[in-house]
Amino acid sequence: MPDLTGRVALVTGGSRGIGRAICIALAHEKCDIAVNYRSHAEAAEEVVRELKDMGVRAKAFQGDVSDSEQSNNMIESVMSEFGHVDVLVNNAGITRDRSFVKMKPEEWREVLLVNLNGPFNMTSRLLPQMIERNWGRIVNISSIVAQMGNFGQSNYAVAKGGLIAFTKTLAREVAAKGVTVNAVAPGFIETDMTAAVPDKVLDVVRQLTPVGRLGRPEEVARAVRFLAAPQASFITGEVINVNGGMYMG
Ligand code: NDP
């Protein structure tokens, strides 16, 4: 018996990479899915088709999570389509890498707006109805970089570290309301994001990863699926590392 029948998940940045894999993993539990995306409508529609073929309800919702008004409108559309959201996966994220001495203020700001204000915009609007229904799962996609630091990613590390601090704090605030809040911290995963990383850097990553390779989006999605399950109700404020052993917390 699938575990999330009748539940609805909103996955931000569900059109590609890790987000897409999360949508599919949750659909294996018969969860209905709202697929958020910012710019790749065709990719989002393709994910929706795949989800519908798996027998769940699914629809794509355009909206930039860093923009408060767009977030509001997007969530309103999701609510009028599905009625409620039980599982929120704050996955949408960007990088704007540059060593700190050369970093431009807009690169700092943009990364914080998408990776940290985005989860604020989503969570602040969806949490009240989770509390009202006395059930909810929030999973924040952080990063190994929050734990280790990484050259050229001070903006990204701050945002992803903030997301872990947010996860732990919110988990304490809503634990008694049937809502769990957890984070998943991926290592280096094969997506468009890491396709932009130079090959020689990825070779070093492979050398530093005991498993000896980059991860796959499905391997991150499995941890999200685990945390979203009803049986994960006693796990909150936790960070699950999915990094091939590169960092052991
Ligand atoms: P991708 O670049 O492959 O995909 C990013 C997704 O986020 C796309 O669906 C994109 O939508 C969406 N997105 C980007 N900005 C916004 C926005 N402002 N509003 C709404 N959606 C947006 O990234 P990954 O799949 O690699 O990464 C997913 C998450 O995992 C991110 O938070 C990332 O930081 C994190 N992560 C990734 C790692 C990796 O090695 N890949 C490692 C650790 C963490 P669209 O296509 O429409 O633009």
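Reference entry: report on the structure contained in this document. In this text the structure is predicted, and so the values were computed from the model without any measurement.

1. Topic: helix α6 (residues 154–174)
Move 1: Between the first and last C-alpha of α6 there are 30 Å, a value that for 21 residues agrees with the 30 Å anticipated at 1.5 Å per step.
Move 2: Against α4 (105–133), β5 (136–141), α5 (144–148), β6 (179–186), α7 (192–195) and β7 (239–242) lie the buried residues of α6.

2. Focus: the packing of aromatic side chains
Move 1: Here the structure, examined in full by the defined rule, presents two aromatic pairs.
Move 2: Ring geometry for Phe 100 and Trp 108: centres 6.1 Å apart, planes at 75°, overall edge-to-face.
Move 3: Since its relative accessible area comes to 30%, Trp 108 is described here as partly exposed.
Move 4: When the ring centre of Trp 135 is taken as reference, the NZ or CZ atom of Arg 7 above it lies at 3.8 Å.
Move 5: Geometry around Trp 135 places Arg 137 over its ring, the cationic atom sitting 4.4 Å from the centre.

3. Examining the pairing of β5
Move 1: In terms of residue burial, β5 counts as a mostly covered element, since six of its six residues are buried.
Move 2: Neither face of β5 is left uncovered, since the one carrying Gly 136, Ile 138 and Asn 140 and the one carrying Arg 137, Val 139 and Ile 141 both have all their residues buried.
Move 3: Where strand β4 (residues 87–90) lies against β5, four bridges are found, and the strand directions are parallel. Residue pairing in the sheet places Leu 88 in a bridge with Ile 138 of β5.
Move 4: As a crossover connection, the stretch from β4 through α4 into β5 is right-handed.
Move 5: Pairing between β5 and β6: six bridges, direction parallel.

4. Things to note about the side chain of Asp 32
Move 1: Along the polypeptide, Asp 32 turns up in strand β2 (residues 32–37).
Move 2: Engagement of the side chain of Asp 32 in a polar contact is seen with the backbone nitrogen of Arg 57, the distance being 2.9 Å.
Move 3: If sequence neighbours within four positions are ignored, Asp 32 has contacts with Arg 7, Val 8, Ala 9, Val 56, Arg 57 and Phe 82.

5. Side note on the environment of Ile 144
Move 1: By secondary structure assignment, the location of Ile 144 is in helix α5.
Move 2: Considered as a pair, Ile 144 and Val 184 are 40 residues apart in the sequence and their alpha carbons are 9.2 Å apart.
Move 3: In this structure, Ile 144 is in contact with Ala 185, Pro 186, Gly 187, Phe 188, Asn 243, Met 246 and Tyr 247, ignoring residues within four places of it in sequence.

6. Structural notes on the packing of α4 against α6
Move 1: Direction vectors running N to C along α4 and α6 enclose 15°, while the axes themselves pass 8 Å from each other. Looking at the two axes, α4 sits roughly parallel to α6. Like other packed secondary-structure pairs, α4 and α6 cross with a definite hand, here right-handed. Contact residues: Glu 107, Trp 108, Val 111, Leu 112, Asn 115, Leu 116, Pro 119, Thr 123, Leu 127 and Ile 131 in α4; Ser 154, Asn 155, Tyr 156, Val 158, Ala 159, Lys 160, Gly 162, Leu 163, Phe 166, Leu 170 and Val 174 in α6.
Move 2: Residue composition of the contact of α4 with α6, grouped by class: 14 nonpolar, five polar and two charged.

7. Some words on the environment of Thr 236
Move 1: With respect to the secondary-structure elements, Thr 236 resides in the loop between α9 (217–228) and β7.
Move 2: Sequence spacing of Thr 236 and Asn 182 is 54 residues, and the spatial spacing of their C-alpha atoms is 5.5 Å.
Move 3: Leave out the neighbours within four places in its chain, and Thr 236 touches Ala 171, Val 179, Thr 180, Val 181 and Asn 182.
Move 4: A polar side-chain atom of Thr 236 sits 3.0 Å from the main-chain amide nitrogen of Val 181.

8. Digging into unusual backbone geometry
Move 1: Its identity is not glycine, yet Lys 30 carries a phi of approximately 65°, on the positive side.
Move 2: Relative to the elements of secondary structure, Lys 30 occurs in the loop between α1 (17–27) and β2.
Move 3: Of note, the phi angle at Asn 134 is positive, near 60°, even though the residue is not glycine.

9. Notes on the packing of α1 against α9
Move 1: Closest axis-to-axis distance for the α1/α9 pair is 8 Å, and the angle between their directions is 45°. Classified by the angle between their axes, α1 and α9 sit oblique to one another. The hand of the α1/α9 crossing is right-handed. Of α9, the residues touching α1 (which contributes Gly 17, Ile 18, Ala 21, Ile 22, Ala 25 and Leu 26) are Pro 217, Glu 218, Val 220, Ala 221, Val 224, Arg 225 and Ala 228.
Move 2: A per-class count over the contact of α1 with α9 returns ten nonpolar, one polar and two charged.

10. Focus on the site of the ligand
Move 1: Surveying the vicinity of the ligand reveals 31 residues, the closest of which are Arg 16, Ser 39, Asn 91, Tyr 156 and Thr 191.
Move 2: Note that an oxygen atom of the ligand is positioned 2.6 Å from one of the side-chain N or O atoms of Arg 16.
Move 3: In the model, an oxygen atom of the ligand is placed 2.8 Å from a nitrogen or oxygen of the Ile 18 main chain.
Move 4: Taken by itself the ligand offers 900 Å² of open surface, and the protein chains cover 97% of this.
Move 5: When contributions to the shell around the ligand are tallied by element, the ones reaching two or more residues are α1, β2, α6 and α7.
Move 6: Its residues placed into classes, the shell around the ligand shows twelve nonpolar, 14 polar and five charged.

So, how was this worked out
Residues numbered from 1 in each chain as written. Predicted model: local features only at pLDDT ≥ 70, side-chain atom pairs only at ≥ 80, totals over all residues. Heavy atoms only, no water. Helix = DSSP H or I, 4+ residues; strand = E, 2+ residues; numbered from the N terminus. Expected span 1.5 Å × (residues − 1). Contact = heavy atoms within 4.5 Å. Phe/Tyr/Trp six-rings, centres within 6.5 Å; stacked < 30°, edge-to-face > 60°. Buried < 20%, exposed > 50% of the residue type's maximum accessible area, 1.4 Å probe, protein only. Lys NZ or Arg CZ within 6 Å of the ring centre and 35° of its normal. Pairing = 2+ DSSP bridges. Right-handed = clockwise from strand over helix to strand, strands pointing away. Polar contact = N/O pair within 3.5 Å; in protein donor to acceptor, adjacent residues only side chain to side chain. Axes fitted to C-alpha atoms, helices over the stretch in contact; angles between N-to-C directions. Parallel < 35°, antiparallel > 145°, perpendicular 65-115°, else oblique. Left-handed = near helix turned anticlockwise from the far one by under 90°. Nonpolar A, V, L, I, M, F, W, Y, C, P; charged D, E, K, R; others polar. Near = heavy atom within 4 Å. Areas by Shrake-Rupley, 256 points an atom, 1.4 Å probe, with all protein chains shown as cover.

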